[in-house]
Amino acid sequence: MGKLPLRWDLDSLYEGGSESSAFARMLEQLQTDIRALADSLNASGEEVTASQLTDWTIQAQSIMARLREADSFAGCLMAENVTDRRAISLNDRIKNLVADFEGLMTRYDEALGKADDALWTGWLAEEPASPVAFYLNERRELAKEKLPPEQEALAGDLAVNGYHGWGELYNTIVSLARFEAADETGEKRVYSAGQLDNLLSHGDRAVRASAFDVWEKEWTRQEDLCADALNRLAGFRLKLYERRGWDSVLKEPLQMNRMSEATLQAMWQAVEEGKPALVEYLKRKAKLLGLEQLDWHDVEAPIAKSVRKVGYEEAASFIEEQFAGFSPDLAEFTKMAFEKGWIEAEDRSGKRPGGFCTSLPVSGETRIFMTYSGTASNVSTLAHELGHAYHQHVMKDLPPFAQEYAMNVAETASTFAEMIVSDSAVRAAQDPEEKLSLIEDKIQRSVAFFMNIHARFLFETRFYDRRRQGLVSAAELSELMEKAQREAFGGVLGEVHPHFWASKLHFYLTDVPFYNFPYTFGFLFSSGIYARAAAEGPAFAERYVNLLRDTASLTVEELAEKHLGVRLDDVAFWREAVAISVKDVEQFLEMTADQA
């Protein structure tokens, strides 16, 4: 590849960004169409016809696709410039439209329930219902476990300026947060949250320790606002669950991820069995860094004395080349994404922290957001987000209802892509120090998914238990987080990150509660898929695409049974996946034995 754009192209979607007249017209049409569908549903009687179900389903899918497009576009605008007040205003308007749509979808669900079994079965057998039969059956059954449609609609309306409003407060907090730290030369400068986040894994311990100190102090300064937001989010969920008669806070996230609690417990059991190997890795890493034990900011620090920076174009070429070894189609898609400016990678101030991939189903495109600084981790993030983008790409011809895959399987495609690139990088490395660094980068993902994510799961589970008794103070939240981190990391850390609960966007997201365990699921599920791909070679690429296309049409247990022939509620599958990570640790320990 030649010179590639570092900033994404949003004008090709809607020219003018937050001032786009085309985007404004799209929102106006959305509002009109939502009202029309609401009027049609409200005018229906006690009996429904197949023709009505067909019309409503076509309209609902069209609105859903455009709402997702609008939400993604506004999200991109806010991520690239956290001070864009116009984008924030647009996002608020879109959230209101989403609430209106979700409210009328309770009427839609009610209409689905009015169909007698004979009508329902016959209607599902034909277009346009047959390609989305799984989703329709799912909605019909879930509606039986919720409040009456009027109450669900009211809850959705009130959530816009309550529940979702509290979630959006994070963006305001980040925009006002001020991170002043020394750079590599010792000179003080003001960083964005995304830029300072990159410094937390800097090779110079003095730099990362200083950055971490600034990070913790600033989030401590913001802790009361953050605690207010999390308390209100949890309070809303708990009250809604209570009204629905739901006892467990895991009921909704498990339903949304189409998985059973037995599968979740089997996965965590295998993770716990694999943790001792990671504890040994972290102990060895401490010795290699000349430390008694690792602090939080040391966990992701490079062990190599000199870590090679990878240029953006070099990273793009390498990723494309490795993807081509698995699937020419994946490689061609990747090349297009880089060249067409679908990726926001520039290292500049004003951006929000983290990375994501978002889909624009009406345009048939995706956009990827990150802050690229040339680290091996950045290269992995690129591959990860491109995996997300490819997943959406192979599904873009399916009806919108058949594209509604859950977060856990969404993380499968991304992690699979990451594995292709990381394994290839290890094999290609000639310098022993570079090879060791790349192996460690792989292990870092295991640490993240087995320990960091588990700490988040433990924290959130216990937070909800405490929240049932009343408001939880910022000090208590930090105490819960510290305890969860020490437990999840096997007691191997010195200083931990008490205010992680405040700084992490994922805790504030309102679309998906428990934005944690699906990551571990995706990582381990993709490990199993990757092992089969390695064994079968290029012939597996077509099977892989078929699996991705089924991700919104089956439960995860059904998906694994159909495409992999395994049971996910059996710990045996998860143990095999964990063993892949353990082998990486064993190789690391062997390579560093003479340095210990």
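Structural notes, computed from the coordinates. Computed from a predicted structure; not experimentally measured.

**Quick word on the overall build of the protein chain**
Consideration 1: A count of helical and extended segments in the protein chain gives 23 helices and five strands.
Consideration 2: What you see for the protein chain is a C-alpha radius of gyration of 24 Å, in line with the 25 Å of a compact globule of 596 residues.
Consideration 3: On the principal axes, the C-alpha backbone points of the protein chain span a range of 75 × 55 × 50 Å.
Consideration 4: A buried classification covers 57% of the 596 residues belonging to the protein chain.
Consideration 5: About 24300 Å² of surface is accessible on the protein chain, with carbon and sulfur atoms providing 49% of the total.
Consideration 6: Of the side chains in the protein chain, 64 bear a positive and 96 a negative charge, and the two mean positions are spaced by 2 Å.

**Re the packing of aromatic side chains**
For any pair of aromatic rings, the description consists of the separation of the ring centres together with the inter-plane angle of the planes.
Consideration 1: Tallied over the entire structure, the rule returns 43 aromatic pairs.
Consideration 2: Measuring from ring centre to ring centre gives 6.4 Å for Phe-449 and Tyr-519, while their planes differ by 25°; the resulting arrangement is stacked. Here Tyr-519 lies in helix H20 (residues 517-536) and Phe-449 lies in helix H17 (residues 432-467), a separation of 70 residues in the sequence. Neither residue differs from the other here; Phe-449 and Tyr-519 are each classed as buried.
Consideration 3: With a centroid separation of 5.6 Å and 65° between ring planes, the pair formed by Tyr-515 and Tyr-519 is classed as edge-to-face. Of the two residues, Tyr-515 and Tyr-519, both sit in the buried class.
Consideration 4: Ring pairing ties together the aromatic residues Trp-268, Trp-296, Phe-457, Phe-459, Phe-463, Tyr-464, Phe-489, Phe-500, Phe-507, Phe-514 and Phe-517, which thus form one cluster.

**Things to note about the pattern of salt bridges**
Consideration 1: With the rule as written, the count across this model stands at 39 salt bridges.
Consideration 2: A salt bridge links Glu-180 to Arg-178; the nearest nitrogen and oxygen atoms lie 4.0 Å apart.
Consideration 3: Judged by relative accessible area, which is 49%, Arg-178 ranks as partly exposed.
Consideration 4: When the shortest N-O distance is used, the salt bridge between Glu-272 and Lys-275 registers 3.4 Å.

**Details of the state of the cysteines**
Consideration 1: Taken as a whole and judged by the stated rule, the model has zero disulfides.
Consideration 2: Not engaged in a disulfide, the cysteine Cys-76 finds its nearest cysteine sulfur in Cys-357; these two sulfurs lie 9.0 Å apart.
Consideration 3: Taking relative accessible area as the criterion, Cys-76 reaches 1% and is therefore assigned buried.

**Quick notes on the pairing of strand S1 (residues 179-182)**
Consideration 1: Where S1 lies against strand S2 (residues 188-191), four bridges are found, and the strand directions are antiparallel. Note on S2: the bridge partner recorded for Ala-181 is Arg-189.
Consideration 2: Taking the residues between adjacent antiparallel strands as the criterion, S1 and S2 are bridged by five residues, where Gly-186 takes a positive phi near 90°.

**Structural notes on the nonpolar core**
Consideration 1: Among the nonpolar cores identified, the biggest contains 204 residues, and Leu-136, Phe-323, Phe-489, Trp-501 and Phe-517 are the most heavily contacted of them.
Consideration 2: Per-element accounting of this core gives the leading share, 15 residues, to H17.
Consideration 3: Residues in contact with Phe-323, not counting those within four places in the same chain, are Leu-330, Ala-331, Thr-334, Ala-383, Leu-386, Ala-417, Ile-420 and Val-421.

**Looking at a negative patch on the surface**
Consideration 1: The grouping of Glu-46, Glu-47, Asp-116 and Asp-117 at the surface amounts to a negative patch.
Consideration 2: If you trace the backbone, Glu-46 turns up in the loop between helix H1 (21-42) and helix H2 (50-80).
Consideration 3: Since its relative accessible area comes to 67%, Glu-46 is described here as exposed.

**Some details on the environment of Ser-581**
Consideration 1: Within the secondary structure layout, Ser-581 lies in helix H23 (residues 571-591).
Consideration 2: Sequence separation of Ser-581 and Leu-13 is 568 residues, and the distance between their C-alpha atoms is 40 Å.
Consideration 3: Excluding anything up to four places from it in sequence, Ser-581 contacts Ser-446, Phe-450 and Phe-523.

**Considering the sheet that holds strand S3 (residues 343-344)**
Strand pairing in a sheet relies on backbone hydrogen bonds. The paired strands run either parallel or antiparallel.
Consideration 1: If you walk across this open sheet you meet the three strands as S3-S5-S4, and the pairing is mixed. The strands lining the two open edges of the sheet, one partner per strand, are S3 and strand S4 (356-360).
Consideration 2: In this structure, S4 lies alongside strand S5 (residues 365-369), joined through five bridges in antiparallel fashion. Bridge pairing in S5 links Thr-358 to Arg-367.

Criteria and cut-off values
Here the residue index of a chain counts from 1 through its sequence in written order. Selection of residues for local features in this predicted model requires a pLDDT of at least 70, selection of side-chain atom pairs for listing and counting requires 80 or more, and totals for whole chains, interfaces and linings are taken over all residues. Excluded from the side-chain calculation are hydrogens and water; included are all heavy atoms of the structure. Runs of H or I in DSSP of at least four residues are treated as helices and runs of E of at least two as strands, each being numbered from the N terminus. Only the C-alpha atoms count toward the radius of gyration. The rule for a globule is 2.2 Å times the residue count to the power 0.38. A simple rule labels every residue: compare its accessible area, found with a 1.4 Å probe on the protein chains alone, to the largest value its type can have, and call it buried under 20%, exposed over 50%, or partly exposed in between. For the accessible areas, the method is Shrake-Rupley and the probe is 1.4 Å, while residue cover comes only from the protein chains on display. Positive charges come from Lys and Arg alone, negative charges from Asp and Glu alone, with His and the N- and C-terminal ends not counted. Throughout, a charge is located at the NZ atom of Lys, the CZ atom of Arg, the CG atom of Asp or the CD atom of Glu. For Phe, Tyr and Trp, where Trp contributes only its six-membered ring, two rings pair if their centres lie within 6.5 Å, and the inter-plane angle classes them as stacked under 30 degrees, edge-to-face over 60, or tilted in between. The rule for a salt bridge is simple: a side-chain nitrogen of Lys or Arg has to be within 4 Å of a carboxyl oxygen of Asp or Glu. Defined by distance alone, a disulfide is two cysteine sulfur atoms within 2.5 Å. Here, a strand pair is defined by DSSP locating no fewer than two bridges between the strands. What we call a nonpolar core is a set of buried Ala, Val, Leu, Ile, Met, Phe, Trp, Tyr and Cys residues that are connected through their side-chain atoms within 4.5 Å. Note on contacts: a residue pair qualifies if any of its non-hydrogen atoms lie within 4.5 Å across the two residues. By definition, no residue in a patch forms a salt bridge, and every one has over 30% relative accessible area; like charges are joined within 9 Å, nonpolar side chains (Val, Leu, Ile, Met, Phe, Trp, Tyr) within 5 Å.

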